[in-house]
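The residues making up each chain are set out below.
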Amino acid sequence: MPVRRGGYQQLASAVNPSLRPSQEGTLQLIFFQVRRFHRAWILVSLTMSRPSTLSIVIRRIIGALPSILGVIIVTFVLTRALPGDPAAYFAGPAASQEAIDQIRETLGLNRSLPEQFIIYVGELLRGDLGNSLTTGQTVVSDLLTRLPASLELTLAGLVFSLTLALPLGILAATRPGSWIDHGVRVLATAGVSLPTFFTGLLLIYVFYFLLGVAPAPLGRLAILYSPPDQITGLFLVDSLLAGDLETFRAALGQLMLPAITLGLFALAPLARVTRAAMLSVLSSDFIRTARASGLAPHTILFGYAFRNAMLPVVTTLGVVFSFLLGANVLVEKVFAWPGIGSYAVSALIASDYAAVQGFVLTMALLYVVLNLLIDLLYTVIDPRAGVES
């Protein structure tokens with residue numbers, strides 16, 4: 001039976017067909033050493049070409065600059081197109097036309113739009129977002145005061161939704177077509193179909209009015225409690241850091257119903273994406289190979305399938321978080337939550353240009369930071385994402 005000539009034999013024949021066996025063995029050793037060095041060089045080249053975390057961060061920030069500039073321009077133009085006159089609102093209904101004109105001149109509203117835009121961009125470069133007409137405070141101060149409340153509410157809603165969505169999605173994927181699968185799809189459809197204000201009012205009616213087990217929906221803390229010393233701005237975290245368990249329980253009680261309201265809305269996309277991603281991974285060849293190798297079912301499910309299904313789940317989580325952070329205004333209004341959503345609505349009603357522009361710019365920056373964190377999380381879950389980027 002003829003033996004297939006290897007790479008080193010072809011090389012030896014090409015160099016000298018009449019080589020002795022000892023010479024051919026030496027050439028064979030040289031060939032294998034060269035091939036080993038070539039493979040090591042390829043591995044080192046791939047490692048060196050992989051972008052570092054700092055390069056990924058710089059690249060994402062540079063790529064986000066045009067989007068932020070577009071947000072600044074569009075927000076400036078749209079706020080000037082809002083109905084109403086901020087000067088008339090600030091002056092009051094009994095003010096004369098002369099007083100309104102004087103206020104308009106003080107606020108710089110009598111200048112042309114290009115002049116106003118240049119002044120606005122100059123103030124932005126100095127870190128000045130202007131003063132709010134509705135609160136009388138600087139916009140930066142208002143946002144720093146209200147943003148932790150919205151972050152705490154959004155994070156609590158996401159934790160609640162993840163606690164339910166991931167197990168339900170995995171159960172539905174491992175039992176396709178069963179009553180569990182149909183129940184998860186019905187729950188996801190109902191969660192995304194019900195408006196958040198309706199869900200919030202229903203929870204208040206049941207748990208506060210009928211059962212009396214929930215506190216009054218009057219903000220982050222009841223009247224009898226004082227806020228903890230501000231460290232992070234999150235009442236749950238600050239009360240724990242201060243060791244004040246009574247304030248922690250009071251803040252948690254106030255947070256439960258609005259967090260459940262947001263969580264039920266976020267439950268639908270997370271559960272559906274988890275189910276679809278797990279179904280796709282569980283039908284892969286490497287999962288069938290793992291089962292044929294005799295691995296334990298829980299090892300296959302959580303060690304192989306779930307980790308490979310996490311990328312679409314993380315992507316959806318980032319989108320849902322950014323959406324909830326800016327769109328939880330109805331929940332904040334229903335539960336009298338002092339967040340940036342209710343602050344933005346009040347500013348829109350009053351045509352408060354500085355507050356509206358500061359809110360939109362803050363949301364854009366948070367969205368950029370969130371996308372950056374998701375990109376970095378990609379490289380942790382799947383290192384190939386860093387190479388492909």
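The present account deals with the structure reproduced in this document. Since we're looking at a predicted model, the values are computed, not measured.

Remarks on helix α13 (residues 297–308)
- In this model, α13 (12 residues) spans 16 Å end to end at C-alpha, consistent with the 16 Å of a helix rising 1.5 Å per residue.
- Those residues of α13 that sit buried are Ile300, Leu301, Ala305 and Phe306. Projection of α13 onto a plane perpendicular to its axis shows the buried side chains occupying an angular sector of 135 degrees, all on one side.

Concerning the packing of helix α11 (residues 245–282) against α13
- Two numbers describe how α11 lies on α13: the axes approach to 8 Å, and their chain directions differ by 120 degrees. By the angle between their axes, α11 is oblique relative to α13. Once α11 is placed against α13, the crossing between them reads as right-handed. Of the residues in α13, those in contact with Met278, Val281 and Leu282 of α11 are Leu301, Ala305, Phe306 and Asn308.
- In terms of residue class, the contact of α11 with α13 is made up of six nonpolar, one polar and no charged.

Examining the layout of surface pockets
- Looking at the largest pocket, its volume works out to about 560 Å³.
- Along the walls of the largest pocket sit 25 residues, with Leu107, Glu123, Gly130, Asn131 and Ala354 positioned nearest its centre.
- Where the lining of the largest pocket is concerned, the elements lending two or more residues are α3 (53–80), α4 (86–91), α5 (97–107), α6 (113–125) and α17 (353–381).
- Looking at which element gives the most residues to the lining of the largest pocket, the answer is α6, with four residues.
- In the lining of the largest pocket, the residues fall into 11 nonpolar, nine polar and five charged.

Re the packing of aromatic side chains
- Inspection of every chain in the model, using the stated rule, returns three aromatic pairs.
- Between Phe76 and Tyr120 the ring centres are 6.0 Å apart and the planes differ by 20 degrees, which places this aromatic pair in the stacked class. In this pair, Phe76 sits in helix α3 while Tyr120 sits in helix α6, placing the two residues 44 residues apart along the sequence. One exposure class covers both Phe76 and Tyr120, and it is buried.
- Of the aromatic side chains, those joined through ring pairs into one cluster are Phe76, Phe117 and Tyr120.
- Looking at Arg220, its charged tip hangs above the ring of Phe235, at a distance of 3.8 Å from the centre.

Regarding the pattern of salt bridges
- If you walk through the whole model with that rule in mind, you get four salt bridges.
- For Asp181, the salt bridge goes to Arg185, with nearest N and O atoms at 3.6 Å. With Asp181 and Arg185 both in helix α8 (residues 179–193), this residue pair falls four residues apart, about one helical turn.
- For Asp181, a relative accessible area of 1% translates into the label buried.
- Between Arg288 and Asp285 there is a salt bridge; the shortest N-O distance is 2.2 Å. Of this pair, Arg288 and Asp285 both sit in helix α12 (residues 285–292), separated by three residues, roughly a single helical turn.
- Classification of Arg288 by relative accessible area gives partly exposed; the value is 45%.
- Exposure remark for Asp285: the relative accessible area of 53% places this residue in the exposed category.
- Three or more residues are tied together by salt bridges with common partners; here these are Asp181, Arg185 and Arg275.

A word on a nonpolar patch on the surface
- Together, Tyr205, Phe207, Tyr208, Phe209, Leu210, Leu211 and Val213 give the surface a local cluster of nonpolar side chains, amounting to about 750 Å² of exposed area.
- Among the structural elements, Leu211 can be located in the loop between α9 (196–210) and α10 (235–241).

A word on empty space enclosed by the protein
- If you walk through the whole model with that rule in mind, you get one cavity of 30 Å³ or more.
- Looking at the largest cavity, the residues that line it are Pro215, Ala216, Pro217, Gly253, Gln254, Leu257, Pro258 and Phe335.
- Looking at the lining of the largest cavity residue by residue, the class counts come to six nonpolar, two polar and no charged.

Points about the side chain of Gln254
- Within the secondary structure, Gln254 is located in helix α11.
- The exposure class of Gln254 is buried, given its relative accessible area of 7%.
- Separated by 2.8 Å, the side chain of Gln254 and the backbone oxygen of Gly219 make a polar contact.
- With near-sequence residues (within four places) excluded, Gln254 lies in contact with Pro215, Ala216, Leu218, Gly219, Arg220, Leu221, Ala222 and Trp337.

Some points on α9
- For α9, with 15 residues, the first-to-last C-alpha span of 20 Å sits near the 21 Å given by 1.5 Å per residue.
- Within α9, the full set of buried residues consists of Thr196, Thr199, Gly200, Leu203 and Ile204.
- Gly212 lies just past α9 and shows a positive phi near 70 degrees.

Conventions used here
Residues numbered from 1 in each chain as written. Predicted model: local features only at pLDDT ≥ 70, side-chain atom pairs only at ≥ 80, totals over all residues. Heavy atoms only, no water. Helix = DSSP H or I, 4+ residues; strand = E, 2+ residues; numbered from the N terminus. Expected span 1.5 Å × (residues − 1). Buried < 20%, exposed > 50% of the residue type's maximum accessible area, 1.4 Å probe, protein only. Arc of directions from axis to C-beta. Axes fitted to C-alpha atoms, helices over the stretch in contact; angles between N-to-C directions. Parallel < 35°, antiparallel > 145°, perpendicular 65-115°, else oblique. Left-handed = near helix turned anticlockwise from the far one by under 90°. Contact = heavy atoms within 4.5 Å. Nonpolar A, V, L, I, M, F, W, Y, C, P; charged D, E, K, R; others polar. 1 Å grid on protein atoms, 1.4 Å probe; cavity = no way out; pocket = protein on both sides within 12 Å on 5 of 7 lines; lining within 4 Å. Points joined across faces, edges and corners; volume = space filled by probe spheres on them. Phe/Tyr/Trp six-rings, centres within 6.5 Å; stacked < 30°, edge-to-face > 60°. Lys NZ or Arg CZ within 6 Å of the ring centre and 35° of its normal. Salt bridge = Lys/Arg side-chain N within 4 Å of Asp/Glu carboxyl O. Patch = residues over 30% accessible without salt bridge, like charges linked within 9 Å, V, L, I, M, F, W, Y side chains within 5 Å. Areas by Shrake-Rupley, 256 points an atom, 1.4 Å probe, with all protein chains shown as cover. Polar contact = N/O pair within 3.5 Å; in protein donor to acceptor, adjacent residues only side chain to side chain.

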